[in-house]
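# Tertiary structure, described
Letter by letter, the chains look like this.
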Amino acid sequence: MAHKIGIIGFGKIAQDQHLPNIKANPDFELVAVASQRGLKPDEAKHAFQDYREMLKEVPEIEAVAICTPPQVRYQIAREALLAGRSVLLEKPPAATLSELYDLKLVADKVGRTVFTTWHAQYNKAVHEAKKALAGWEIKRLLVTWKEDVRHWHPGQEWIWQAGGFGVFDPGINALSIVTCIMPEPVFIQKADLQFPANRDAPIAANIQFSAAHGAADLQAVFDWRQTGPQTWDIEVETVQGLALALREGGTKLEIGGKLMVDEPSEEYAGIYQSFDTLLNERRSDVDDAPFRLVADAFMIGRRVQVEAFED
Ligand code: NAP
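Attention here is on the structure that accompanies the text. (Residues numbered from 1 in each chain as written. Predicted model: local features only at pLDDT ≥ 70, side-chain atom pairs only at ≥ 80, totals over all residues. Heavy atoms only, no water.)

### Re the overall build of the protein
Selection criterion: A run of H or I in DSSP becomes a helix once it reaches four residues, and a run of E becomes a strand once it reaches two; helices and strands are each numbered from the N terminus. Here the radius of gyration uses the C-alpha set of atoms, whereas the globule reference equals 2.2 Å times the residue count to the power 0.38. Three labels apply to residues, based on accessible area from a 1.4 Å probe with only protein chains included: buried if under 20% of the type maximum, exposed if over 50%, partly exposed otherwise in between. When checking whether two residues touch, look at their non-hydrogen atoms; a contact exists if any pair is within 4.5 Å.
For the protein, the helix and strand inventory stands at nine helices and 15 strands. The C-alpha radius of gyration of the protein comes to 20 Å, within 12% of the 19 Å expected for a compact globule of 311 residues. For the protein, buried positions account for 49% of its 311 residues. Long-range pairs, those at least 24 residues apart, make up 69% of the contacts in the protein with a sequence separation of at least 6.

The following block contains the structure:
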């Protein structure tokens with residue numbers, strides 16, 4: 001039987017990815033949407049403005065996909081779990097690490113599933129990169145994540161507020177690839193976070209990582225002011241001389257300069273396949289590694305004020 005699911009927060013990602021991927025997956029049936037603005041897709045039998053009403057009025061809902069901004073995710077997820085529903089968390093999974101930790105405890109207590117989704121990890125090129133790097137020692141890492149915030153996040157005020165994470169909203173996608181493919185953990189050693197004078201979240205960041213052992217040159221550069229061609233690249237070199245690059249957000253893999261994987265992104269199809277498995281096996285999947293790096297960058301990062309930014 002298909003899992004009956006509700007969507008909470010019907011913004012860009014819910015419309016662009018969750019709705020079509022739920023529709024395309026016979027293991028799920030969309031039964032309800034909770035949208036503060038009162039949006040209702042044709043596919044949903046029920047629609048509510050208040051997610052609490054949805055949880056109360058539609059008892060057949062087994063799980064909810066929480067597609068709101070991160071600042072409000074914890075409260076909604078906690079209430080859904082306590083109402084006996086499993087939860088799929090968009091990235092970033094919460095506003096703080098402690099909130100995420102608590103969601104895992106609550107899910108275990110009530111015997112429901114909590115699933116932290118890191119969509120960028122669901123690319124074949126990322127899996128192949130992880131396999132290629134397994135067991136090697138890393139000499140160099142360069143993450144370049146530069147995009148145009150006006151193009152990708154028009155009018156999203158929450159992203160500039162404290163807890164919206166600013167440039168780390170896309171940057172966490174890069175970090176989720178890094179934590180997935182690196183054969184050993186990396187740590188934030190130094191971070192310069194550039195805050196526009198009129199904003200509470202950074203527009204750019206330069207990060208230096210350290211490795212668990214050995215000296216290595218490990219860097220990331222995030223920037224939201226890139227117009228023209230957009231860059232979502234991760235380059236890695238091992239001590240033994242293997243050079244690998246993931247390009248275009250993790251959809252292309254080059255090894256030694258040769259293109260090895262070039263496949264269109266089917267990230268959310270993979271997310272819903274995994275969610276089906278977790279629900280069937282009554283398991284949770286809580287991966288906090290990318291989120292810890294973001295928290296550490298904010299914890300030890302140096303704040304630099306840069307010129308004001310208007311949308
Ligand atoms: P968005 O377009 O601003 O949509 C978020 C929606 O959440 C809003 O449209 C609103 O929908 C609802 N919402 C806003 N404030 C709320 C509140 N206080 N309480 C409850 N619901 C609230 O943002 P988005 O781009 O879809 O991003 C949502 C999440 O998905 C973020 O965490 C983001 O990092 C992640 N994500 C985004 C993308 C992308 O390409 N945009 C990709 C992957 C992941 P209603 O009026 O319908 O309730």
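### Points about the layout of surface pockets
The criterion, for reference: In the cavity and pocket records, a cavity denotes points on a 1 Å grid over the protein atoms alone where a 1.4 Å probe fits but cannot get out, a pocket denotes an open set with protein on both sides within 12 Å along at least 5 of 7 lines, and lining residues are residues with an atom within 4 Å of a point. Grid points are joined across faces, edges and corners, and a volume is the space filled by probe spheres set on the points. In this classification, the charged set is Asp, Glu, Lys and Arg, the nonpolar set is Ala, Val, Leu, Ile, Met, Phe, Trp, Tyr, Cys and Pro, and all remaining amino acids, among them Gly, are polar.
Estimated volume of the largest pocket: approximately 1,400 Å³. In terms of lining residues, the largest pocket is bounded by 44 residues, among which Lys12, Ile13, His153, Gln156 and Trp158 are the most central. Secondary-structure elements contributing two or more residues to the lining of the largest pocket are α1 (12–24), α3 (73–82), α7 (168–181) and α8 (267–281). For the lining of the largest pocket, the per-class residue count stands at 18 nonpolar, 15 polar and 11 charged.

### Topic: the pattern of salt bridges
Pairs may arise between side chains of opposite charge once their charged atoms sit close together. Under the convention used in this document: Only one rule defines a salt bridge in this text: a Lys or Arg side-chain nitrogen within 4 Å of an Asp or Glu carboxyl oxygen.
In the structure shown here, the tally under the stated rule is 22 salt bridges. Among the ionic pairs, lysine 124 bridges to glutamate 263, the shortest N-O distance being 3.7 Å. With a gap of 139 residues between them, lysine 124 in helix α5 (residues 124–133) and glutamate 263 in the loop between β14 (258–262) and α8 connect regions that are remote in the sequence. For lysine 124, a relative accessible area of 43% corresponds to the partly exposed category. The exposure class assigned to glutamate 263 is partly exposed, which follows from its relative accessible area of 39%. In this structure, lysine 131 and glutamate 128 form a salt bridge, with 3.3 Å as the shortest nitrogen-oxygen distance.

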